[in-house]
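# Structure at a glance
Here are the chains, one letter per residue:
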Amino acid sequence: MAGRKGRRGFGRIRRLPSGRYQASYVGPDTVRHNAPSTYETREDAEAWLAARRAEVVGDEWRPPRPRRSATLGAFAERWLTERRKGDGSPLSVSTRNHYRKLLDAFI
């Protein structure tokens, strides 16, 4: 018997150093697609793969939409707008201005 490391019929599951499981498969488009998140148990990862396999077999599969990747600048703007002190109050004007100068200088 091949054991836990044996070949799967569809997809791949690997255990991460964190102890969680990452599932992926090669779709009909010949591109490897990773699960949108990691899973606490191997069974959860297998269930996600089984659902993807059912989509492929049932001719219902569509390539996952690519995740929108925000630029660092866009992320920094949002961070500066939403940033709060530890107690939940807004940053002081001088702190916000200081952060703005740092972002403008380095981002």
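See the structure shown above.
The structure reproduced in this document is the subject of the present report.

Rules and cut-offs
Residues numbered from 1 in each chain as written. Predicted model: local features only at pLDDT ≥ 70, side-chain atom pairs only at ≥ 80, totals over all residues. Heavy atoms only, no water. Core = buried A, V, L, I, M, F, W, Y, C linked by side-chain atoms within 4.5 Å. Buried < 20%, exposed > 50% of the residue type's maximum accessible area, 1.4 Å probe, protein only. Helix = DSSP H or I, 4+ residues; strand = E, 2+ residues; numbered from the N terminus. Contact = heavy atoms within 4.5 Å. Salt bridge = Lys/Arg side-chain N within 4 Å of Asp/Glu carboxyl O. Pairing = 2+ DSSP bridges. Axes fitted to C-alpha atoms, helices over the stretch in contact; angles between N-to-C directions.

### Focus on the nonpolar core
By size, the foremost hydrophobic cluster in this structure holds eleven residues: Phe10, Ile13, Tyr21, Ala23, Tyr25, Ala35, Tyr39, Ala45, Trp48, Leu49 and Trp61. Looking at this core, the elements that each hand over two or more residues are strand E2 (21–26) and helix H1 (42–57). Once residues lying within four places of it in the same chain are set aside, the contact partners of tyrosine 25 are Phe10, Gly11, Val31, Arg32, His33, Trp48, Leu49, Arg52, Trp61 and Pro64.

### A word on the pattern of salt bridges
Enumeration according to the criterion identifies four salt bridges in this entry. Arginine 42 is paired through a salt bridge with glutamate 46; the nearest N and O atoms lie 3.7 Å apart. Linking arginine 42 with glutamate 46, this pair stays in helix H1, spanning four residues, or about one helical turn. Residue glutamate 46 is classed as partly exposed on the basis of its relative accessible area, which comes to 26%. In this structure, the salt-bridge partner of glutamate 77 is arginine 100, at a minimum N-O distance of 2.7 Å. Taken together, the residues glutamate 77 in helix H2 (residues 72–82) and arginine 100 in helix H3 (residues 93–106) connect sequence positions 23 residues apart. Overall, the relative accessible area of 24% leaves arginine 100 in the partly exposed class. Three or more residues joined by partner-sharing salt bridges are found here, namely Glu77, Arg100 and Asp104.

### Focus: the pairing of strand E1 (residues 12–15)
By the bridge criterion, four bridges tie E1 to E2 in an arrangement that is antiparallel. Bridging across to E2, arginine 15 finds its partner in tyrosine 21.

### A closer look at the sheet that holds E1
The sheet built from three strands is open, its strands ordered E1-E2-E3 with antiparallel pairing. Lying at the two open borders of the sheet, with one neighbouring strand each, are E1 and strand E3 (32–34). Taking each pair of neighbouring strands and ignoring which way they run, the sheet shows an average axis angle of 25°. Along the sheet face, H1 touches E1, E2 and E3 and points at about 20° away from the line of E2.

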